[in-house]
Amino acid sequence: QVQLVESGGGLVQAGGSLRLSCVASGRTFSNYAMAWFRQTPGKEREFVASINWTGGSTRYADSVKGRFTISRDNAKNTVSLQMNSLKSEDTAVYYCATDRNPRGLGGLYGYDYWGQGTQVTVSS
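Residues numbered from 1 in each chain as written. Predicted model: local features only at pLDDT ≥ 70, side-chain atom pairs only at ≥ 80, totals over all residues. Heavy atoms only, no water.

**Structural notes on the pattern of salt bridges**
Here is the rule we go by: A carboxyl oxygen of Asp or Glu within 4 Å of a side-chain nitrogen of Lys or Arg is what we treat as a salt bridge. Numbering of helices and strands runs from the N terminus; a helix is a DSSP stretch of H or I covering at least four residues, while a strand is a stretch of E covering at least two. For every residue, the accessible area (1.4 Å probe, protein chains only) is compared with the maximum for its type, and the residue is labelled buried under 20%, exposed over 50%, or partly exposed between those bounds.
Within this structure, the stated rule accounts for five salt bridges. Note that Arg38 and Asp90 form a salt bridge whose closest N and O atoms lie 2.9 Å from each other. A residue pair is termed long-range when its members are at least 10 positions apart, and Arg38 in strand E4 (residues 32–39) and Asp90 in the loop between strand E8 (78–83) and strand E9 (92–102) qualify at 52 residues. For Arg38, a relative accessible area of 5% gives the class buried. Take Asp90: its relative accessible area is 1%, and that puts it in the buried class. Between Asp90 and Arg67 there is a salt bridge whose closest N-O contact spans 2.7 Å. Taken together, the positions of Asp90 in the loop between E8 and E9 and Arg67 in the loop between strand E6 (58–60) and strand E7 (68–73) put the pair 23 residues apart, joining distant regions of the chain. If you follow the salt bridges from partner to partner, you end up with Arg38, Glu46, Arg67 and Asp90 in one network.

**With respect to the sheet that holds E7**
Quick reminder of the rule: The criterion for strand pairing is that DSSP finds at least two bridges linking the strands in question. Only C-alpha atoms enter the line fits that serve as axes; for helices the fit covers just the stretch in contact. Angles between N-to-C directions range over 0 to 180 degrees.
Spatially, the four strands line up as an open sheet ordered E1-E3-E8-E7, and their pairing is antiparallel. On the outer flanks of this sheet lie strand E1 (3–7) and E7, each paired with one strand and no other. On average, each strand axis in the sheet is tilted by 15° relative to the strand beside it, whichever way the strands run. As paired elements, E7 and E8 share six bridges and run antiparallel to each other.

If you want it as structure tokens, here you go:
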């Protein structure tokens, strides 16, 4: 059974930084693209960033480009999201997800397993 466990959320002031991590188990982690999404109450879950199975290709939502960096450590089955210059509008529950198909490029769609989420709150 695939499990994804996020950590690293919390309360931070605007302009600050946080680093989220997601540890995966139950699947050959290195074979699958990974992604981060976020959701606020009353809104649909939105794409934040993805990384392909090798780590050589990344993709970002326009709203976070230049501020967030996604990375992966296949030896530790971990995908991370470094978030800098945080804004109040980044406040959300952040979820990691794993691609449905192996050796994928990532992107906005096609994820079949999700973590439980970690809350990020940015105070202005």
